[in-house]
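Coordinates in review
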Amino acid sequence: MSAPTPPAQSPTERRVSARVGSISESATLAVDAKAKALKAAGRPVIGFGAGEPDFPTPGYIVDAAAEACRDTRNHRYTPAGGLPELKTAIAEKTLRDSGYEIDPAQVLVTNGGKQAIYEAFAAVLDPGDEVIVPAPYWTTYPESIRLAGGVPVPVVADETTGYLVSVEQLEAARTERTKMVVFVSPSNPTGAVYSRAQVEAVGKWAVEHGLWALTDEIYEHLVYGDAVFTSLPAVVPELRDKCVVVNGVAKTYAMTGWRVGWIIGPKDVVKAATNLQSHATSNVSNVSQVAAVAAVSGSLDAVADMRAAFDRRRRTIVRMLNEIDGVLCPEPEGAFYAYPSVKALLGKEIRGRRPATSVELAELILEEAEVAVVPGEAFGTPGYLRLSYALGDEDLAEGVSRMQKLLGEARD
Ligand SMILES: Cc1ncc(COP(=O)(O)O)c(C=O)c1O
């Protein structure tokens, strides 16, 4: 017997719409907020939660912004889609960093990469369109897809392949309703980086089936060792007419608070997304846009220094995590996240408790070791933890040694 249908609520009884009511809080921001609240209450919490460089924004970028504050042109509304000089600078930067030409009319400047992601999905998807999302995924993609009326279809890769999905896996998830694939390299939360041949294979597969791609290049400058960043539309030009690139200044230039991102795409999609933005938020703060011009057209020296620090911390965190019995951490090649499997620790006794899930383990780590980490549930893969290593070297070493001590107590 099927369950009785609940009585339909009238529009006046429904307080929050079903569409928005179904969206969950960003788990990464929630962990970060909890850690910051404990810190404010005097607890010596070490936070591995936020994906945010600990460096200040480079001085020449801040100077450009300070000057922009005094220019009265920036005290007014400007074109909703972005300052023309920033669009031109983004086109030049794309040629410099990714090696292909775009027209500034293919650029929409957004309030961070997050707005770019939502607007890209909203501009391309119709209700019921399926979007293949490699998992572990960054928590914002499925929520933005749903908000735009689409259906996220996760394709899971694990530590045995270094969290890289294969074309065969993507193909197995494709149906007649598939419209788009999400492609992120370097990846949040795993730090995985696809080789040029793998990027090309994914792009060619998308072209073969007429699929759209949303590719998130926000970590393009943060790759380590022999890893090389490869831009999907650069290596598969046939895909460009159905490819939307998301990028921004947040991670490369330590500018998370400035809120500047962008979309690069075919002109019709960029126009549609610009129309959406013109009603939702209008132009991004002019002062931030001028700062972004300085960032993307300046030298990459400051980025190289930050990358060297991240690389050092990456090697420390991977080594220290792998020293813990029951923790398995593949070496991330990009971004600033480690994504260890903790499956072998679940169900073990630690300080009188038996965490059965990675959510429970993360709670235990926060309460007992005063270390904030994000559980894998937030990224579609229970049994893992995400640790951002964009924090100071001393805090990093202290935080992971506290985890070593606590998790070293695990017993059957
Ligand atoms: C993969 C990825 N894309 C996009 C963003 C969005 O960055 P922002 O909105 O700060 O520009 C983030 C931030 O964590 C990210 O990790």
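As shown above, the structure is provided for reference.
Since the model is a prediction, treat every value here as computed from it, not as a measurement.

**Re the packing of helix α4 (residues 84–98) against helix α11 (residues 286–297)**
- Running from N to C, α4 and α11 point in directions that differ by 25°, and their axes come no closer than 9 Å. Here α4 lies roughly parallel to α11, going by the angle between them. Of the two possible hands of crossing, α4 and α11 adopt the one that is left-handed. On α11, the residues touching E85, L86, A89, I90, K93 and R96 of α4 are Q289, A292, V293 and V296.

**Quick look at unusual backbone geometry**
- A cis amide bond, omega -5°, links S185 with the succeeding residue P186.
- If you trace the backbone, P186 turns up in the loop between β5 (178–184) and α8 (196–208).
- Omega for the bond connecting N188 with P189 falls within 30 degrees of zero, at 20°, which places this linkage in the cis form.
- Checked against the element boundaries, P189 lands in the loop between β5 and α8.
- For A335, which is not a glycine, the phi torsion comes out positive at approximately 60°.
- With respect to the helices and strands, A335 occurs in the loop between α12 (301–322) and β9 (337–338).
- Here the phi dihedral of R351 falls at roughly 45°; this positive angle occurs in a residue that is not glycine.
- In this fold, R351 is placed in the loop between β9 and α13 (358–369).

**Remarks on the sheet that holds strand β3 (residues 130–135)**
- Ordered by their spatial adjacency, 7 strands build an open sheet running β2-β8-β7-β6-β5-β3-β4, and the pairing between neighbours is mixed. Strands at the two margins of the open sheet, each flanked by one partner only, are β2 (107–110) and β4 (151–156). With direction set aside, neighbouring strand axes in the sheet form an average angle of 20°.
- With 6 bridges joining them, β3 and β4 adopt parallel strand pairing. Looking at the pairing, I132 lines up with V153 of β4.

**Observations concerning the packing of aromatic side chains**
- The tally for this structure, following the rule as stated, stands at 11 aromatic pairs.
- Ring geometry for F183 and Y194: centres 4.8 Å apart, planes at 55°, overall tilted. One end of the pair, F183, is in strand β5; the other, Y194, is in the loop between β5 and α8, with 11 residues separating them in the sequence. For the residue pair F183 and Y194, the accessibility class agrees, reading buried in each case.
- Aromatic side chains Y339 and F379 sit 5.8 Å apart centroid to centroid with 80° between the ring planes, which places their arrangement in the edge-to-face category. With Y339 in the loop between β9 and α13 and F379 in the loop between β11 (374–375) and β12 (385–388), this residue pair connects regions lying 40 residues apart in the sequence.
- Pairwise contacts between aromatic rings join F55, Y219, F310, F336 and Y337 into one cluster.

Conventions adopted
Residues numbered from 1 in each chain as written. Predicted model: local features only at pLDDT ≥ 70, side-chain atom pairs only at ≥ 80, totals over all residues. Heavy atoms only, no water. Axes fitted to C-alpha atoms, helices over the stretch in contact; angles between N-to-C directions. Helix = DSSP H or I, 4+ residues; strand = E, 2+ residues; numbered from the N terminus. Parallel < 35°, antiparallel > 145°, perpendicular 65-115°, else oblique. Left-handed = near helix turned anticlockwise from the far one by under 90°. Contact = heavy atoms within 4.5 Å. Pairing = 2+ DSSP bridges. Phe/Tyr/Trp six-rings, centres within 6.5 Å; stacked < 30°, edge-to-face > 60°. Buried < 20%, exposed > 50% of the residue type's maximum accessible area, 1.4 Å probe, protein only.

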